[in-house]
Amino acid sequence: VDFCNPLPGMGPAREFRFAIDRGGTFTDVFAEVPGGKFVVEKLLSEDPANYKDAPREGIRRVLEKYTGVPHPADQPLDT
């Protein structure tokens, strides 16, 4: 979900930046993606049938969506 556009006068972002809010029920992964867009992934904080760690899964989803590069859930994320 895109929740805002880049602010006027700001240059494009050249890398990803993440902030994570992990609550008891939901985890929100806020990301600034290249081009200066801001996006949010909202996941259940605990969902062992689908992923081991909600913050990691949220980051993985953002990276796949905005790079087009597959990041298998069972593989480490390259930092």
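Placed above this text is the structure.
The model shown is predicted, which means the values in this text are computed figures rather than measured ones.

**Student:** Where do I start with the pairing of strand E3 (residues 26-33) in this structure?
**Tutor:** Burial analysis of E3 places six of its eight residues in the buried class, which makes it a mostly covered element. Pairing geometry for strand E2 (residues 17-22) and E3, over six bridges, is antiparallel. Residue pairing for E3: Ala19 is matched across the bridge by Phe30. Bridging between E3 and strand E4 (residues 37-44) involves eight bridges; their strand directions are antiparallel. Residue pairing across strands places Val29 opposite Glu41, the latter belonging to E4.

**Student:** What is the right way to read the nonpolar core from this model?
**Tutor:** If you look at the biggest cluster of nonpolar residues, it comprises six residues: Val29, Leu43, Tyr51, Ala54, Ile59 and Leu63. Residue contributions to this core peak at three residues, all from helix H1 (residues 54-67). Residues contacting Ala54, with those up to four places away along its chain left out, are Arg22, Thr27, Leu43, Leu44 and Ser45.

**Student:** Explanation requested: the environment of Leu63 in the structure shown.
**Tutor:** Looking at the element boundaries, Leu63 is found in helix H1. Classification of Leu63 as buried rests on a relative accessible area of 13%. The spatial distance from the C-alpha of Leu63 to the C-alpha of Phe16 is 8.4 Å, given a sequence separation of 47 residues. Sequence-distant contacts of Leu63, that is, excluding residues within four places in its chain, are made with Phe16, Phe18, Gly68, His71 and Leu77.

**Student:** How do you make sense of the pattern of salt bridges when you look at a structure like this?
**Tutor:** When the charged atoms of two side chains with opposite charge come close together, those side chains can pair. Applying the stated rule across the entire model yields seven salt bridges. Arg22 is paired through a salt bridge with Asp53; the nearest N and O atoms lie 3.2 Å apart. In this pair, Arg22 sits in strand E2 while Asp53 sits in the loop between E4 and H1, placing the two residues 31 residues apart along the sequence. In this structure, Glu57 engages Arg61 in a salt bridge whose closest nitrogen and oxygen atoms are separated by 2.9 Å. With Glu57 and Arg61 both in helix H1, this residue pair falls four residues apart, about one helical turn. The exposure class assigned to Arg61 is partly exposed, which follows from its relative accessible area of 32%. One salt-bridge network, held together by shared partners, links Glu57, Arg60, Arg61 and Glu64.

Calculation notes
- Residues numbered from 1 in each chain as written.
- Predicted model: local features only at pLDDT ≥ 70, side-chain atom pairs only at ≥ 80, totals over all residues.
- Heavy atoms only, no water.
- Buried < 20%, exposed > 50% of the residue type's maximum accessible area, 1.4 Å probe, protein only.
- Helix = DSSP H or I, 4+ residues; strand = E, 2+ residues; numbered from the N terminus.
- Pairing = 2+ DSSP bridges.
- Core = buried A, V, L, I, M, F, W, Y, C linked by side-chain atoms within 4.5 Å.
- Contact = heavy atoms within 4.5 Å.
- Salt bridge = Lys/Arg side-chain N within 4 Å of Asp/Glu carboxyl O.

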